Amino acid sequence: MIVMKDVTKIYEMGSAQIFALNGVNLEVEDGDFLAVMGPSGSGKSTLLYTIGTLLTPTKGNVTINGKSIYKMKPRQRAKFRRENIGFIFQTFELIPYLTALENVMLPLYLSGVAISKHEDIAKEALRKVGLAHRALHKPTELSGGEQQRVSIARGIVNNPRILLADEPTGNLDQKTGKEIIQLLHKLNDRDELTVIMVTHDPEKACLSNMVLQMIDGRVVEDEQRTYRKRR
Amino acid sequence: MTPRSESISVPYGSVVVGNVTIPESFQEKIYTIPNRRNLRTVSPKIYGQVEYGNSNLLVVGMISEQEAELKKWWNVEGSLPQNDANQVLLGSAVASFLRLSVGSTITINGMALTVVGILSETGSVDDYSLFLPLHTAQRLLNQPGVVSVIDVGAICKDCPVEVISQQIMNALPGVKATPVKQAVETRMEAVEQTANFSLLLASIILVVGCAGVMNTMLASVHERIKEIGIFMSLGADSIHLYKIFILESLILGLIGGLIGCFVGLASSVLVGPLFMNMMISFLELPLYPIPLSIALSVVASLTASLYPAWRASKIDPVQALRTV
């Protein structure tokens, strides 16, 4: 479970203070599929990276599974991130000179998994996203949808509890985008993976069981539990 | 690294010049010693005294090129006597005493000799000597096929002169080889100075190289800022990033060291004869500079990568991910 209490992030721009997050309170339960919506600059991404242990808030407390993540030392937090959180991005962010398989193997190197197991584990993750047959291709040889699948495989290869997606369909056409959302739902359903997704697209957002509207760093609407499917 | 160059006299038995001799053929046998490649010059000579009017003259038979090679300080007016010719080179004192100049003739024991050169004053016994071609002197002294002494010049930076003299004594039974440390002092100094200069140059290059590596690594950190952000989002910590950049610099240093080593070795073989008039063979080069220079290159590039690696570990991942 993710709990945010009165989380504020202030950026100093010269003499002006910009509240990227302004007193956000939020609870996300394990297995939730949360969509975060809102105009540009409303703090969606800031919220995502704050949950993702990458962005220390100015004020407030974030706990994941009872652990206060910003009270950890940086290396502890990195370890926590390796083990519990996967990221996917709008522009996929694959390493261009590595094959799909090698990209998926990267988090395993960081986690110190025995090297002999890397290939099998990474292949299994690629199979989960339906891309086992493209394992040896470089990102430039893959379509946008395929690249995002590789990115998802890389995000889940360490079996994290939480997958954070920053506009995962922003660079994809309508049909491919839908397929990616379906894949995320499948992972959410089958593996009880908590998914938090920042998106512009109301159609894709409404498929989730929880939609958050943000404006100026505040959560203005919280259609909590409206679409909750089970539990 | 100071190449030592020494000269060794090889008198036979006791050092009584003119009475006891060694066969001339011994000069070839010297080239059978293990350190033969370090031999620079082998100059067989015969000494003798001849009567001329009321005085005795000191006659030296020599092979002109070899003797001149050994006595770099010689300054000859005219030219050196040619092998087997009836020609003579006069020491300055002899020339003025006998009032002879280049082109004059002197007849000793019925042998007419043309003065082809006069030596500038050396301050040594050379000033009082007449230098003849070896075989001409042998005929004059009536001692064919023998020599009094063989001067051996050797240049070697790792082998003491004693080793070479011992090797000569082993190769030539009945010969006494005495190390004489002088003769090619000037060349030794030149070699030493060049070595010091090379060392200075190498240190400067090392510092410049370090700066180059650091600059390259910093550029690499900057170029890969997004990649570093991705790695951090995947859970990389500072130690991971240090490892990545240090490993990269290690590989760079190793490759650079290897290339530098072989370029250096090759150029020493190519350039050595050009500047130092020394023949250098790959087989004889000492081996220790190879691991030393590779190690130095690796250590230098590791040192130079620490700051860039630290910079990488301090990158803000969210900012890095937002860069295009």
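Residues numbered from 1 in each chain as written. Chains lettered and ligands numbered in written order. Predicted model: local features only at pLDDT ≥ 70, side-chain atom pairs only at ≥ 80, totals over all residues.

### Description of the overall build of chain B
Alright, step 1. Counting its secondary structure elements, chain B contains ten helices and twelve strands.
Alright, step 2. When burial is assessed residue by residue, chain B has 35% of its 324 residues classed as buried.
Alright, step 3. Contacts in chain B between residues at least 24 apart in sequence constitute 79% of all its contacts with a sequence separation of at least 6. (Helix = DSSP H or I, 4+ residues; strand = E, 2+ residues; numbered from the N terminus. Buried ≥ 20, exposed ≤ 12 C-beta atoms within 10 Å, placed from the backbone. Contact = placed C-beta atoms within 7 Å.)

### A few points about the interface of chain B and chain A
Where interface size is given, it is often the accessible area lost as the parts come together that is meant.
Alright, step 1. With twelve residues of chain B at the interface, the matching set in chain A holds 15 residues.
Alright, step 2. At the level of elements, helix H7 (225-233), helix H8 (238-276) and helix H10 (317-322) of chain B are the ones that each hand at least two residues to the side of chain B that touches chain A.
Alright, step 3. Sorting elements by how many residues they give to the side of chain B that touches chain A places H7(B) first, with four residues.

### Considerations on the sheet that holds strand S1 (residues 2-13) of chain A
Residue and element names in this part refer to chain A.
Alright, step 1. Across the sheet, which stays open at both edges, the four strands sit in the order S2-S1-S4-S5 with antiparallel pairing between neighbours. The sheet is open, and its two borders are formed by strand S2 (16-28) and strand S5 (67-68), each paired with just one other strand.
Alright, step 2. In terms of strand pairing, S1 meets strand S4 (residues 59-64) through five bridges, oriented antiparallel. Opposite Lys5, over in S4, you have Asn61 as the bridge partner. (Pairing = 2+ DSSP bridges.)

### Let's talk about helix H4 (residues 115-128) of chain A
Residue and element names in this part refer to chain A.
Alright, step 1. In this model, H4 (14 residues) spans 21 Å end to end at C-alpha, consistent with the 20 Å of a helix rising 1.5 Å per residue.
Alright, step 2. Taken as a whole, H4 has its buried residues at His118, Ala122, Ala125 and Leu126. Down the axis of H4, the smallest arc covering the buried residues is 95°, so these residues share one side. Residues of H4 that are exposed and angled more than 90 degrees away from the buried face: Ser116, Lys117 and Asp120.
Alright, step 3. Buried residues in H4 make contact with helix H3 (100-111) and helix H5 (144-156).
Alright, step 4. Phi for Gly130, located one or two positions after H4, is positive at around 70°. (Expected span 1.5 Å × (residues − 1). Arc of directions from axis to C-beta.)

### A few points about helix H9 (residues 289-313) of chain B
Residues and elements named next belong to chain B.
Alright, step 1. With 25 residues, H9 ought to run about 36 Å at 1.5 Å a step, and its terminal C-alpha atoms sit 35 Å apart, in line with that.
Alright, step 2. The sharpest bend along H9 measures roughly 35° and falls at Leu306, with the proline Pro308 sitting one to four residues further on.
Alright, step 3. Residues Ser297, Ala300, Ser301, Ala304, Ser305, Pro308, Ala309, Ala312 and Ser313 constitute the buried set of H9. (Bend = angle between axes of the 7 residues up to and from the residue.)

### Quick look at the confidence of the model for chain B
All names here are of chain B.
Alright, step 1. In the predicted model, chain B carries a mean pLDDT of 82, and the fraction of residues at 70 or more is 88%.
Alright, step 2. Per-element averaging of pLDDT across chain B places strand S1 (residues 4-9) at the bottom with 40 and H7 at the top with 95.
Alright, step 3. Across residues 1-18, confidence stays below pLDDT 50; counting only partners more than four residues off in sequence or on other chains, it has 65 contacts.
Alright, step 4. Overall fold confidence for the complex sits at a pTM of 0.65, while the interface term, ipTM, reaches 0.92. (pLDDT = per-residue confidence, 0-100.)

### Some details on the environment of Tyr70(A)
Alright, step 1. When you line up the elements, Tyr70(A) lands in the loop between S5 and helix H2 (74-84).
Alright, step 2. Put simply, Tyr70(A) and Leu55(A) are 15 residues apart on the chain and 8.9 Å apart in space, counted from C-alpha to C-alpha.

### Some details on the confidence of the model for chain A
Alright, step 1. Residues with a pLDDT of 70 or more make up 96% of chain A, whose mean pLDDT is 91.
Alright, step 2. Low pLDDT, under 50, characterises residues 225-231 of chain A; the predicted model gives this stretch six contacts beyond four residues in sequence or across chains.

### What about the packing of H5(A) against helix H6 (residues 174-191) of chain A?
All names here are of chain A.
Alright, step 1. Running from N to C, H5 and H6 cross one another at 20°; their axes reach a closest spacing of 10 Å. Taken together, the axes of H5 and H6 lie roughly parallel to each other. The handedness of the crossing between H5 and H6 comes out as right-handed. Contacts between H5 and H6 involve Gly144, Gly145, Gln148, Arg149, Ile152 and Ile156 on the former and, on the latter, Thr176, Glu179, Ile180, Leu183 and Leu187.
Alright, step 2. When its residues are assigned to classes, the contact of H5 with H6 shows five nonpolar, four polar and two charged. (Axes fitted to C-alpha atoms, helices over the stretch in contact; angles between N-to-C directions. Parallel < 35°, antiparallel > 145°, perpendicular 65-115°, else oblique. Left-handed = near helix turned anticlockwise from the far one by under 90°. Nonpolar A, V, L, I, M, F, W, Y, C, P; charged D, E, K, R; others polar.)

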